[in-house]
Amino acid sequence: MRDAAYYSYEYTLAELKHHYGSNVHLLAEPVLLTQLATLCRPETLQPNVTYLVRDLYTHLVQIVMAHALPRRYTEVRTRLFTATPNGVWGGSVLDPDARVITVDIARAGTLPSQVTFEALTRLLDPNAVRQDHVYMNRVTDAAGTVIGTSVSGSKIGGDVEKALVLFPDPMGATGGSMLKAVSMYKELHGQPRKLMALHLIVKRQRMIIGQDR
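Attention now moves to the environment of Ile101. By secondary structure assignment, the location of Ile101 is in strand S3 (residues 99-106). Here the alpha-carbon distance between Ile101 and Leu195, two residues 94 residues apart in the chain, equals 9.6 Å.

Right, dumping it as structure tokens:
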């Protein structure tokens, strides 16, 4: 067995500087920012909107996994092993047994959550990955002002013990739906590893919704 500590490393994010505290991460990843800029243009229409959202969340969830999930040392006999005993690769990989829950906050979060679920099950043990669904609507008064959030239904598959709980939702606008969803999961049985909101865009005064916990 090789020295596992030799192969360990700390994953670092490419981040924009901000004053929201250590639990908020504003990515400075140029590929993502280029795709986001294209998505935001008024001339960007379907089907490109769907393609861009899918590409953005595929990339974003990979960054989140690298940042937030535990790792383990592993050794793999490569194809070269049939020719030489030196054909073994050893290194630090994601722990395939890490528990992750992705929450679909319908409607805007449906596609991001599905993309997140697909990315997770390709890299982790599918039995450790769960997708939940929460159906919400904004509540407005007679003047059209948002005054709250209504939950019309949910499908939650169990507890959150030691799970990384992800809330992929493109736009952290008023924040009401996100805060309601987070509150629901804080009331479930178990202690989660982290609660993380994954936004593409957030309103500045509501930035705190994107925190890790």
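This part covers the layout of surface pockets. The calculated volume of the second largest pocket comes to roughly 350 Å³. Lining the second largest pocket are 18 residues, with Ala108, Arg138, Asp169, Met171 and Ser177 sitting closest to its centre. Secondary-structure elements contributing two or more residues to the lining of the second largest pocket are S3, strand S4 (129-140), strand S7 (171-172) and helix H4 (176-186). Here the lining of the second largest pocket is composed, by residue class, of 8 nonpolar, 7 polar and 3 charged.

Before going further, it helps to spend a moment on unusual backbone geometry. Backbone torsion omega between Gln46 and Pro47 reads 5°, so that peptide bond is classified as cis. Looking at the element boundaries, Pro47 is found in the loop between helix H1 (30-40) and helix H2 (48-68). The omega torsion across Ala106 and Arg107 is 20°, close enough to zero to call that bond cis. The residue Arg107 is located in the loop between S3 and helix H3 (110-123) in this model. One non-glycine residue with positive phi stands out, namely Lys162, at about 60°.

Taken as a whole and judged by the stated rule, the model has 5 salt bridges. A salt bridge links Arg54 to Glu118; the shortest N-O distance between them is 3.0 Å. You can see Arg54 sitting in helix H2 and its partner Glu118 sitting in helix H3, a full 64 residues away along the chain. Residue Arg54 is classed as partly exposed on the basis of its relative accessible area, which comes to 30%.

Formed by 28 residues in total, the largest nonpolar core has its most connected members in Leu164 and Leu166. Of all elements in the fold, only H1, H2, H3, strand S6 (163-168) and strand S8 (194-198) reach the threshold of two or more residues within this core. In this structure, Ile105, Met136, Val165 and Ala181 belong to the second largest nonpolar core, which totals 16 residues.

On average, residues of the protein score 88 in pLDDT, and 90% of them are at 70 or above. Across the protein, the secondary-structure element scoring lowest on mean pLDDT is strand S5 (residues 146-155), at 76, and the one scoring highest is S6, at 98. Segment residues 205-213: pLDDT under 50, and 33 contacts once partners within four positions in sequence are set aside and those in other chains are kept.

The subject of this paragraph is H2. With 21 residues, H2 should cover 30 Å at 1.5 Å per step; its first-to-last C-alpha distance of 30 Å lies within 8% of that length. Those residues of H2 hidden inside the fold are in contact with H1, strand S2 (88-94), H3, S6 and S8.

Attention now moves to the side chain of Gln131. Inspection of the secondary structure assignment puts Gln131 in strand S4. Here Ser113 takes part through its side chain, which lies 3.0 Å from a polar atom of the side chain of Gln131. Gln131 has contacts with Thr102, Asp104, Ser113, Gln114 and Phe117, leaving out every residue within four places of it along the chain.

Quick notes on the rules
- Residues numbered from 1 in each chain as written.
- Predicted model: local features only at pLDDT ≥ 70, side-chain atom pairs only at ≥ 80, totals over all residues.
- Heavy atoms only, no water.
- Helix = DSSP H or I, 4+ residues; strand = E, 2+ residues; numbered from the N terminus.
- 1 Å grid on protein atoms, 1.4 Å probe; cavity = no way out; pocket = protein on both sides within 12 Å on 5 of 7 lines; lining within 4 Å.
- Points joined across faces, edges and corners; volume = space filled by probe spheres on them.
- Nonpolar A, V, L, I, M, F, W, Y, C, P; charged D, E, K, R; others polar.
- Salt bridge = Lys/Arg side-chain N within 4 Å of Asp/Glu carboxyl O.
- Buried < 20%, exposed > 50% of the residue type's maximum accessible area, 1.4 Å probe, protein only.
- Core = buried A, V, L, I, M, F, W, Y, C linked by side-chain atoms within 4.5 Å.
- pLDDT = per-residue confidence, 0-100.
- Contact = heavy atoms within 4.5 Å.
- Expected span 1.5 Å × (residues − 1).
- Polar contact = N/O pair within 3.5 Å; in protein donor to acceptor, adjacent residues only side chain to side chain.

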